[in-house]
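What follows is the residue order along each chain.
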There are 2 protein chains.
Amino acid sequence: MAETALRILDEYGLPDLTMRRLAAALDVQPSALYWHFPNKQSLLAELADRIVAPRDARRDAPRVASQAGERDWAARTRSEAESLRDGLLAYRDGAEVVSSTLALGLGASGPGERLTAAIESGGFDAETSRRAATALAHFVLGHVSHEQQRLQYDSLGVLPDGAVPDALDAGGEQAESFTFGVTLLVEGLERHRVTR
Amino acid sequence: MAETALRILDEYGLPDLTMRRLAAALDVQPSALYWHFPNKQSLLAELADRIVAPRDARRDAPRVASQAGERDWAARTRSEAESLRDGLLAYRDGAEVVSSTLALGLGASGPGERLTAAIESGGFDAETSRRAATALAHFVLGHVSHEQQRLQYDSLGVLPDGAVPDALDAGGEQAESFTFGVTLLVEGLERHRVTR
DNA sequence: ACCTGAACACCGTTCAAGT
DNA sequence: ACCTGAACACCGTTCAAGT
């Protein structure tokens, strides 16, 4: 059932992921869904969990090219951020689904913990690591949400097909922009250690 | 009309801000709204613009206590980030309203430009400044969205009234957590300059 | 244990018609 | 120029009843 929901999500987007459509896809009455889930919100929470769950492809080995002389913890942290982004991008509107259930503490325990652990491996105390992980996660979610919203509007042909009138990121090249943001946070953390 | 919409938003939240409710509040038929706005999306875009528009209270003078020996541009950037946060927090679900309309390039041209200008005043090139402003804006939106979602769940009494089972930010004290994230980004930018 | 049928209380949007 | 009336095609959720 969650699998069918993910298929609808990826194919038609979050606004079209309705209980009625899901029921139709399962050849079942809408009311039947409420035996399996108490409401739509918990269905979405389940989807969020699956979206951020580690994919098989991305193993523990850091897939991000480490910069010259970069410390291990930084490479690991970058890698975690990158794979969180990949997870969100793997499904249409993935970032929005995860954001919407985040406050309940359901979706992000996995990635949140992995990010925190990566930072702690740099020798930062627990409090600092948790806060930095939060900041990183907020950046990733904000960035990917924006990115996916753009994808949606592009596919609808809403944007005039020439210039891209985007106030926040007129340049495109989302991946570079993403890496830059992660770099700022990681280097800010390094400087934070040096300074105090 | 936008003012009435903002009142409903602030009082009942985004899910309850429906065209029908707004019409009722204006003593008018729902269809009447469509003479003023082509659809709900553009109504929300208008609201987003007003939410991020500079408040009278926060003038150009930086209201953020500048850290010892901190450069001017950094204080200014912190101040812009802070006032963006204040703007989003001024209305219930403000961050979500702004996020949802952001990709159209409508909502954030104001604050996006102010953030970019603040960073550029530190001597960074246009490209770097734009990207850093984007990263900062994404962090701010992600952070405040999360913050406001928590407020909502708290008010609904969904969370067991003792421990706060939040995976991303178990500690509370949102303001400190916000400042910490901004600091990481600002210091990362400073280090970025030093390094290259 | 799992699903149907039917209903309740809603949505956003369109469009002819009124004034 | 601005609004009404009525409709269209949907929503999430509940609940008795079936098997």
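All figures in this text were calculated on a predicted structure; none of them were measured in a lab.

**Q** Honestly, the overall build of chain A in this entry has me stumped. Any pointers?
**A** If you tally the helices and strands in chain A, you get nine helices and zero strands. Each helix (α) and strand (β) of chain A, taken in turn from the N terminus, gives the series α-α-α-α-α-α-α-α-α. The 196 residues of chain A split such that 52% are buried. Within chain A, contacts between residues at least 6 apart in sequence are counted, and of these 69% link residues at least 24 apart.

**Q** Looking at this structure, I do not really get the pattern of salt bridges. What am I missing?
**A** Think of it this way: side chains of opposite charge can pair up when their charged atoms draw near. Residues and elements named next belong to chain A. Considering all chains together, one arrives at 20 salt bridges over all chains under this definition. Put simply, E147 and R85 hold a salt bridge, and the shortest N to O gap is 2.7 Å. With E147 in helix α8 (residues 126-156) and R85 in helix α5 (residues 72-89), this pair connects stretches of sequence that are 62 residues apart. As far as burial versus exposure is concerned, E147 and R85 are alike and both buried.

**Q** Just to check I follow, could you spell out the protein's contact with DNA strand C for this structure?
**A** In the vicinity of DNA strand C there are 14 residues, among which Q29(A), S31(A), W35(A), H36(A) and R20(B) approach most closely. Here, DNA strand C places atoms within 4 Å of the protein, and 48% of those atoms are sugar or phosphate. A distance of 2.7 Å is found between a phosphate oxygen of DNA strand C and a side-chain nitrogen or oxygen belonging to H36(A). One of the backbone nitrogen or oxygen atoms of K40(B) is found 2.9 Å away from a phosphate oxygen of DNA strand C.

**Q** Just to check I follow, could you spell out the UniProt feature "domain: HTH tetR-type" (unreviewed entry) in chain A for this structure?
**A** Per the UniProt record, the feature "domain: HTH tetR-type" (unreviewed entry) sits at residues 1-55 of chain A. Helix makes up 64% of residues 1-55 of chain A and strand 0%, with an end-to-end C-alpha separation of 19 Å.

**Q** Would you explain helix α1 (residues 2-12) of chain B in this entry?
**A** Think of an α-helix as 3.6 residues a turn; residues three or four steps apart then line up on the same face. Along α1(B), the residues that are buried comprise A2(B), T4(B), A5(B), L6(B), I8(B) and L9(B). In this fold, the buried residues of α1(B) make contact with α2 (19-25), α4 (40-52) and α6 (94-102) of chain B.

**Q** Explain the packing of α1(B) against α4(B) here, please?
**A** A pair of packed helices is captured by two measures, namely the crossing angle of their axes and the spacing between those axes. Residue and element names in this part refer to chain B. Put simply, α1 and α4 touch, their axes get as near as 10 Å, and they point 80° apart. Between α1 and α4, the angle is such that the two are roughly perpendicular. Side by side, α1 and α4 meet where A2, E3, A5, L6 and L9 of the first sit next to L43, E46, L47, R50 and I51 of the second. Class assignment for the residues of the contact of α1 with α4 results in seven nonpolar, no polar and three charged.

**Q** How do you make sense of the side chain of H192(A) when you look at a structure like this?
**A** Note on placement: H192(A) falls in helix α9 (residues 174-195). The residues contacting H192(A), other than those within four sequence positions of it, are T128(A), F180(B) and E187(B).

**Q** Honestly, α6(B) in this entry has me stumped. Any pointers?
**A** Counting buried positions over the nine residues of α6(B) gives seven, a clear majority of the element. Listing the buried residues of α6(B) in full gives G94(B), A95(B), V97(B), V98(B), S99(B), T101(B) and L102(B).

**Q** Teacher, can you tell me more about the protein's contact with DNA strand D here?
**A** Taken together, the neighbourhood of DNA strand D is formed by 14 residues, with R20(A), Q29(B), S31(B), W35(B) and H36(B) sitting nearest. Within 4 Å of the protein, the contacting atoms of DNA strand D are drawn from sugar and phosphate to the extent of 47%. With respect to DNA strand D, the side chain of R20(A) contributes an N or O atom lying 2.5 Å from a base nitrogen. In the environment of DNA strand D, a phosphate oxygen lies 2.7 Å from a nitrogen or oxygen atom belonging to the side chain of Y34(A). At the level of elements, α2 (19-25) of chain A together with α3 (33-36) of chain B are the ones that each hand at least two residues to the surface near DNA strand D.

**Q** Sorry if this is basic, but what is going on with unusual backbone geometry here?
**A** Residues other than glycine predominantly adopt negative phi, and peptide bonds predominantly adopt the trans conformation. Residues and elements named next belong to chain B. At D27, a position not held by glycine, the phi torsion is positive, near 55°. Mapped onto the fold, D27 is located in the loop between α2 and α3. The exposure class of D27 is exposed, given its relative accessible area of 72%. With a phi close to 60°, D93 is a non-glycine residue in the positive phi region. Along the chain, D93 turns up in the loop between α5 (72-89) and α6.

Here is what the cut-offs are and how they apply
Numbering of residues starts from 1 in every chain and runs along the sequence as written. Just so you know, chain letters begin at A and ligand numbers begin at 1, following the order they were written in. In keeping with the model being predicted, local features are shown solely for residues with a pLDDT of at least 70 and side-chain atom pairs are shown and tallied solely at 80 or more, while totals for entire chains, interfaces and linings include all residues. As a convention, hydrogens and water are excluded, and side-chain values are obtained from all of the structure's heavy atoms. Every helix listed is a DSSP run of H or I at least four residues long, and every strand listed is a run of E at least two residues long, numbered separately from the N terminus. In this scheme, a residue with accessible area under 20% of its type's maximum is buried, one over 50% is exposed, and one in between is partly exposed, where area comes from a 1.4 Å probe on protein chains only. Should any heavy atoms of two residues lie within 4.5 Å, those residues are counted as being in contact. Whenever Lys or Arg places a side-chain nitrogen within 4 Å of a carboxyl oxygen from Asp or Glu, that contact is recorded as a salt bridge. Being near a molecule or strand, for a residue, comes down to having at least one heavy atom within 4 Å of it. Distance and chemistry together define a polar contact, namely a pair of N or O atoms within 3.5 Å, with one atom able to donate a hydrogen and the other to accept it when in protein, and with adjacent residues in sequence counting only for side-chain atoms on both sides. UniProt positions are given in the numbering used here, feature names are shortened, and annotations may be inferred rather than shown by experiment. Each axis is a line fitted through C-alpha atoms, and for a helix only the stretch in contact is used; angles between axes span 0 to 180 degrees, taken between their N-to-C directions. Should an angle fall under 35 degrees it is called roughly parallel, over 145 degrees roughly antiparallel, and 65 to 115 degrees roughly perpendicular, with every other angle called oblique. By the convention adopted, Pro, Cys, Tyr, Trp, Phe, Met, Ile, Leu, Val and Ala count as nonpolar, Lys, Arg, Asp and Glu as charged, and the other residues, Gly among them, as polar.

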